[in-house]
Number of protein chains: 4
Amino acid sequence: MTRAHIVGAAGYAAGDLIRFLDSHPDVELVTLESESAAGTQVRDAFRSLAEIRTFDGAGSALAACKSGDIVFLAGESEKARRLAPQFLASGARVIDLSDAFRVGTPNAVYGLPEIYRDQIARAQLVANPGCYPTAALLALIPLGFLADRIANVIVDAKSGISGSGRSPKLASMYAEVDGDVRAYGIPSHRHGKEIEAEMRALGIVAPFVFSPHVVPLTRGMLADVYVIVREPLDEDELRAAFARAYGGNPFVEVLDGTRVPYLPALAGTNRAQIALSLRGGAIHVMTGIDNLGKGAAGQAVQNMNIMCGYLEESGLGHRAAIV
Amino acid sequence: MTRAHIVGAAGYAAGDLIRFLDSHPDVELVTLESESAAGTQVRDAFRSLAEIRTFDGAGSALAACKSGDIVFLAGESEKARRLAPQFLASGARVIDLSDAFRVGTPNAVYGLPEIYRDQIARAQLVANPGCYPTAALLALIPLGFLADRIANVIVDAKSGISGSGRSPKLASMYAEVDGDVRAYGIPSHRHGKEIEAEMRALGIVAPFVFSPHVVPLTRGMLADVYVIVREPLDEDELRAAFARAYGGNPFVEVLDGTRVPYLPALAGTNRAQIALSLRGGAIHVMTGIDNLGKGAAGQAVQNMNIMCGYLEESGLGHRAAIV
Amino acid sequence: MTRAHIVGAAGYAAGDLIRFLDSHPDVELVTLESESAAGTQVRDAFRSLAEIRTFDGAGSALAACKSGDIVFLAGESEKARRLAPQFLASGARVIDLSDAFRVGTPNAVYGLPEIYRDQIARAQLVANPGCYPTAALLALIPLGFLADRIANVIVDAKSGISGSGRSPKLASMYAEVDGDVRAYGIPSHRHGKEIEAEMRALGIVAPFVFSPHVVPLTRGMLADVYVIVREPLDEDELRAAFARAYGGNPFVEVLDGTRVPYLPALAGTNRAQIALSLRGGAIHVMTGIDNLGKGAAGQAVQNMNIMCGYLEESGLGHRAAIV
Amino acid sequence: MTRAHIVGAAGYAAGDLIRFLDSHPDVELVTLESESAAGTQVRDAFRSLAEIRTFDGAGSALAACKSGDIVFLAGESEKARRLAPQFLASGARVIDLSDAFRVGTPNAVYGLPEIYRDQIARAQLVANPGCYPTAALLALIPLGFLADRIANVIVDAKSGISGSGRSPKLASMYAEVDGDVRAYGIPSHRHGKEIEAEMRALGIVAPFVFSPHVVPLTRGMLADVYVIVREPLDEDELRAAFARAYGGNPFVEVLDGTRVPYLPALAGTNRAQIALSLRGGAIHVMTGIDNLGKGAAGQAVQNMNIMCGYLEESGLGHRAAIV
């Protein structure tokens, strides 16, 4: 059994962490620390959870933490920067869901198993990727083989609002999200830098446009990735590259024919669906994920499974409803 | 192992039947019959299902049916009236999700386990209740003890649109449902008669108003049931009656204090949540369910479990996502 | 020309006030005071407004106010209690959209023109009704004639989330409203007292249950009002009472036959639609309004028109889109 | 006064045509022809319209049509191909909202005033553009000056579901649209050809990808247009080109700074909002419109105004609600 702690346990991603870990056969959820919700019932914050338990106060996780434990930091970046070294010093291994350690942090491993599975297994500190970078990079990973033929990369992404977190803010209110498709983060979004850094690690150095949007849904993300290539490409060659990259991957499904991602089928799961086409001088890859699943909590649990040597699917066997 | 067949397998309730039965340890899904979708992929109709399998054509279930099998009729009433006798003649037991046999059918058992668990266990033909009657009756069942003090019953129900089925119709289109709270079925809705018939079976003969509404959501139903009583009642007495009725029930949760049903927590599950209050001369009971879960497919599987002597929760352990 | 000032000008109701008054031929919008938004562009807060203008700072309205001006207080109750006397002292007439003066305030007139049109015309201080009371009372006003035969009144109301205001709070966030029908305010909601007080003014003293809900829409409210009567009633008599009450009313439409309110048709307008039926021992009246229109800003402008002797429809001729 | 007829008068675009023309000072709506809805009340199909009037039967418009009349064809392409010559023969001028005459039809003028205002003024037959082409082309028109430097064009568009029409179909049902961002029309969508044909007319012959999506909203469209240019460009030069193209245009607003289109502000109107940025080797233009407004009915009325010599804004002064 692995002892796990969650710090920042009252947010949306934390709610999914609790849900996944609750059904994990090898994990004991020791601490659910939340400064803002300390002392209140967990089932009042996450009403699909039934267990009677209250949130622990600030400092509880550090006090309870032992060597070999796993700590999920699910709060703000600033807090993660402060707390991670303390948990590491206590001998715990840390998975941080904020963007504190994602770009240019030598002692952290970027927690995208599809690139860094081996390094994650040995990591003390894992920087769990953002939802936009996860969706964008899953589309780009198989294209490393033609990196020097890539002229431009454009990522046009559509996200559910839960990706903006649970802290009340005007832009997340129902009346502001309903009826709109909201472009934002122009000219620059912090996730853009994260995508670009990992693109470079894949050998892709082309000019890059990142264009995020909020659409009226709670969960789900679709990233349309357009890759302009300098020389003609064969669709069979393209499909073969994706088959190579994701064959045997339990969570990434490459759709055949003209099938496209269906976000409700991914909601509440750690799954990703990828569609491919080649037209108008561009490779068009679409990735669908749940921004809170493969885009946050699901991927964090997948990383924990890799770090602990568990089956990668452990605790992640959830299936979405039909509609 | 119980062999199961679904007729009318391409609708919303059928989709949930397949999802529940897929994870049932004692059921083999033999036939997925759909006249309209015959030959097409099941995963194209229900994109959260991954198995490669096609819908069977008309007549397949009857041809494959053996004595002791369970047949779910998930299509139109008229078809159910025609097919049920044929399946019964072949020795199968039938659970019909339409309203063909719900009111005034002597050889059918009304499939609400909270009233008829024993009769369901021995039934050959179970008339699975409608979603509105399920929600309304769960609120009324514990009130049988004061039936002769009840002066009026008003049921004001709010339903997700999936309850209207999957056949394309103007009233179910996104642009027609979005932005509206649509009252309908006035002055009379077929589900009203169904509720009234079972109210009478509970001994409640008071004047009754049923007022259904469609609200902009896909899944979920909240029924507000107002019961006007002639003599004052004690809230403790009321809570005790609900505790008696639902203590030990694996699916019906009576909420404490001022907690209210939370529909997203019930989505995709067979659960019901009930809230109680007493004020302004009325008992106010709220029941929350998933109209496709406890209001249709979940309850059908629960009935099958009772008929087959399985644990009532078998195949129904699904948990909703956090938001 | 009437000079008008809005205090608390950056909220949802204020946005609609600005929109209505902008197209009013006899009004000059002098001050748009907002403490929180002072100095920022009005078109950034209300992006359907194009005019280049910034919000005025705290105290601006009082400084600019002259005798005979109209002041709309569109902020919190506490602020209204503090500011209203100061504006009245300066000779202005005040329309307050908060609940500061709605119940038991002798020097304020309750601003529901369908009851108090004459008093409003002469009032210095008008307490603009809440959205729930407006919808509920429009259903009850014509029933005064049978007040002593009324045994019970139940109001089951469904509201869009904009009624909760524009201050960020968890309960108004998209992810919390989406997919749910949220009952709240049980056992008591401040609007319940407001409805009850005015019911008594109509002569109706029956036991009363008020049950508000939030549904997933931005604008719109449907109130289902169930009135239990002691003696049988004739539907013609009922329809005649509503025809008498609302004949010639430019904003209240009594629907014929089985027509029901359609909230998208009311969105952005000051209109109300009423449907009637008689069944199960109860009168069932449904009122549909836009909670920000006839439920707030529209009614405030209607009150201003009455106070200033303008045509009641002035500035209120907006028509909703088709879907 | 211009006499106008609408054929196919019960669809969504027709509903907006009626709404706009109802408030047009110079138009008399003579015929509202609908084969499917003949004899039923217009206010039952379009519940925000109050006038008591029934739909006319098939053939009514042709029977009533006189020389000089304007006929709006708002039905299917096939019907338009059959009827347009007959109306033209009777001396009427025709505005067709289907795609029957948009590509490669010598005697039809493509009804995008921002390109063909002069030709529209003299046209007998106007092919009113599709919503996707309108949004995409408004982004591309000002870029004609650098046509020979354009290497690639990618249009990633997000549309409300009303663009799919009012005929009941599975893909337009609430339960199918809710919770998803649905890519479709891959590898080819008929609107793609329409965009490409007009791009060529602007001198832009670059490889082109068109990628349409349905998002969960009723009205509104956002088109993200990415234009890859071979040589560096100056943002001032870019902004100047858009200012030149749309200065004085009553319906097209070029947003300053980092402002982005806000679809609720455009809902029910003929307005378009355009945002510009230059980054990552690409020009990124976003166009926001109401797919039923500037994307269909609004533009049709604008075309009529140009054909009849009326003020271009006549009947189109509608303003959206705040949220």
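Rules behind the numbers
Residues numbered from 1 in each chain as written. Chains lettered and ligands numbered in written order. Predicted model: local features only at pLDDT ≥ 70, side-chain atom pairs only at ≥ 80, totals over all residues. Heavy atoms only, no water. Contact = heavy atoms within 4.5 Å. Buried area = accessible area lost by both parts, 1.4 Å probe. Salt bridge = Lys/Arg side-chain N within 4 Å of Asp/Glu carboxyl O. Polar contact = N/O pair within 3.5 Å; in protein donor to acceptor, adjacent residues only side chain to side chain. Helix = DSSP H or I, 4+ residues; strand = E, 2+ residues; numbered from the N terminus. Nonpolar A, V, L, I, M, F, W, Y, C, P; charged D, E, K, R; others polar. Least-squares fit on C-alpha atoms with pLDDT ≥ 70 in both. Pairing = 2+ DSSP bridges. Axes fitted to C-alpha atoms, helices over the stretch in contact; angles between N-to-C directions. Buried < 20%, exposed > 50% of the residue type's maximum accessible area, 1.4 Å probe, protein only. Right-handed = clockwise from strand over helix to strand, strands pointing away. Disulfide = S-S within 2.5 Å. Domains from an automatic or database assignment. Phe/Tyr/Trp six-rings, centres within 6.5 Å; stacked < 30°, edge-to-face > 60°. Lys NZ or Arg CZ within 6 Å of the ring centre and 35° of its normal.

Between chain A and chain D, the contact holds 41 residues from the first and 41 residues from the second. The largest contributions to the chain A side of the interface with chain D come from A:V181, A:I186 and A:R279, which together make up 17% of the buried area. A salt bridge links A:D156 to D:K158; the nearest nitrogen and oxygen atoms lie 2.9 Å apart. Here chain A is connected to chain D by 12 residue pairs in polar contact (both at pLDDT 80 or more). Of all the secondary structure elements, the ones that give two or more residues to the side of chain A that touches chain D are β7 (150-159), α7 (174-177), β9 (208-214), β10 (221-229), α10 (263-266), β12 (272-279) and β13 (282-289) of chain A. The greatest single-element share of the side of chain A that touches chain D, amounting to 5 residues, is contributed by β9(A). The residue inventory of the side of chain A that touches chain D, partitioned by class, reads 24 nonpolar, 9 polar and 8 charged.

Once chain A has been moved 0.0 Å along the axis and rotated by 180°, it coincides with chain D to within an RMSD of 0.0 Å. Taken together, the rotation and translation relating the two chain copies correspond to the operation of a two-fold axis. Ranked by how close their C-alpha atoms come to the rotation axis, the residues of chain A are headed by A:P216, at 3.0 Å. Of all interface residues in chain A, 100% are interface residues in chain D too; the two copies therefore contact each other through one and the same surface.

Residues and elements named next belong to chain B. Read from one edge of the open sheet, 7 strands run β8-β9-β7-β10-β13-β12-β11, paired in mixed fashion. The open sheet has two edge strands, β8 (182-183) and β11 (252-254), and neither has a second partner. One ladder, built from 2 bridges, connects β8 with strand β9 (residues 208-214); its direction is antiparallel. Its bridge partner being in β9, R182 is matched across the sheet by V214. Sitting on the sheet, helix α8 (residues 190-201) is in contact with β7 (150-159) and β9, with an inclination near 140° to β9.

Time to look at the interface of chain B and chain A. Across the boundary between the two partners, chain B contributes 26 residues, which contact 26 residues of chain A. The tally of links between chain B and chain A comes to 6 salt bridges. Of the charged contacts in the structure, one is a salt bridge between B:R43 and A:D256, with a shortest N-O distance of 3.5 Å. Where chain B meets chain A, there are 11 residue pairs in polar contact (both at pLDDT 80 or more). Secondary-structure elements contributing two or more residues to the side of chain B that touches chain A are α1 (12-22) and α2 (42-45) of chain B.

For the rest of this paragraph, the subject is the pairing of strand β3 (residues 70-73) of chain B. All names here are of chain B. Every second residue of β3 is oriented toward a common face, with I70 and F72 on one face and V71 and L73 on the other, all of them buried. In this sheet, β3 lies alongside strand β1 (residues 2-7) in parallel orientation, the contact comprising 4 bridges. By the bridge assignment for β3, V7 is matched with L73. As paired elements, β3 and strand β4 (residues 93-96) share 4 bridges and run parallel to each other. What sits directly across from V71, in β4, is V94. In terms of handedness, the path from β3 via helix α4 (residues 77-89) over to β4 forms a crossover that is right-handed.

The next subject is the environment of D:I141. All names here are of chain D. Inspection of the secondary structure assignment puts I141 in the loop between α6 (131-140) and β7 (150-159). Counting along the chain gives 105 residues from I141 to Y246, while the straight-line C-alpha distance between them is 9.7 Å. Setting aside chain neighbours within four positions, we find I141 in contact with L112, E114, I115, L202 and Y246.

What follows concerns the sheet that holds β9(A). Within a sheet, neighbouring strands are paired by backbone hydrogen bonds and run either parallel or antiparallel to one another. Residue and element names in this part refer to chain A. Strand order in the open sheet made by the 7 strands is β8-β9-β7-β10-β13-β12-β11, with mixed pairing throughout. Strands with a single pairing partner mark the edges of an open sheet, and in this sheet they are β8 (182-183) and β11 (252-254). Contacts between helix α9 (residues 235-246) and the sheet are confined to β11, β12 and β13, with β12 contributing the most and set at about 160° to the helix.

Attention now moves to the state of the cysteines. Applying the stated criterion across every chain yields a total of 0 disulfides over all chains. Of all cysteine sulfurs, the one in A:C65 lies closest to A:C308, which takes part in no disulfide; the gap is 13 Å.

A few words on the domain arrangement of chain A. Residue and element names in this part refer to chain A. Looking at the assigned domains, one finds that chain A contains domain 1 (2-130 + 294-308) and domain 2 (132-291). In this structure, domain 1 and domain 2 have C-alpha centres spaced 25 Å apart. E194 serves as the salt-bridge partner of R102, at 3.0 Å between the closest nitrogen and oxygen. Joining domain 1 to domain 2, the criterion identifies 19 residue pairs in polar contact (both at pLDDT 80 or more). Going through the elements one at a time, α1 (12-22), α5 (113-122) and α11 (293-308) are the ones with two or more residues in the side of domain 1 that touches domain 2. With 6 residues, the top contributor of residues to the side of domain 1 that touches domain 2 is α11. When grouped by side-chain class, the residues that make up the side of domain 1 that touches domain 2 number 12 nonpolar, 6 polar and 7 charged.

Mapping between the two copies of the chain is achieved by a rotation about an axis and a shift along the axis. Between chain B and chain A, the superposition needs a rotation of 180° and an axial shift of 0.0 Å, giving an RMSD of 0.0 Å. A high fraction, 100%, of the interface residues of chain B reappear at the interface in chain A, so the copies pair face to face through one surface.

Inspection of the entire model under this criterion finds 18 aromatic pairs over all chains. Summarising the aromatic geometry, the rings of B:Y132 and B:F210 are spaced 5.3 Å apart at their centres and angled 75° between planes, so their arrangement reads as edge-to-face. Of the two residues, B:Y132 sits in helix α6 (residues 131-140) while B:F210 sits in strand β9, which places them 78 residues apart along the sequence. Like B:Y132, the residue B:F210 is buried in the burial classification. In this structure, A:R47 packs its charged tip against the face of B:Y262, placed 3.8 Å from the ring centre. One Lys or Arg, B:R19, reaches over the ring of B:F20 and ends 4.7 Å from the middle of that ring.

In this section: the environment of C:L97. Residue and element names in this part refer to chain C. Residue position: L97 is located in the loop between β4 (93-96) and β5 (109-110). Relative accessible area serves as the criterion here: at 13%, L97 is assigned to the buried category. In this structure the C-alpha to C-alpha distance between L97 and G68, which are 29 residues apart in sequence, comes to 19 Å. Setting aside residues up to four positions removed in sequence, L97 forms contacts with A13, L17, F72, L73, A74, R102, N128, A296, A297 and A300.

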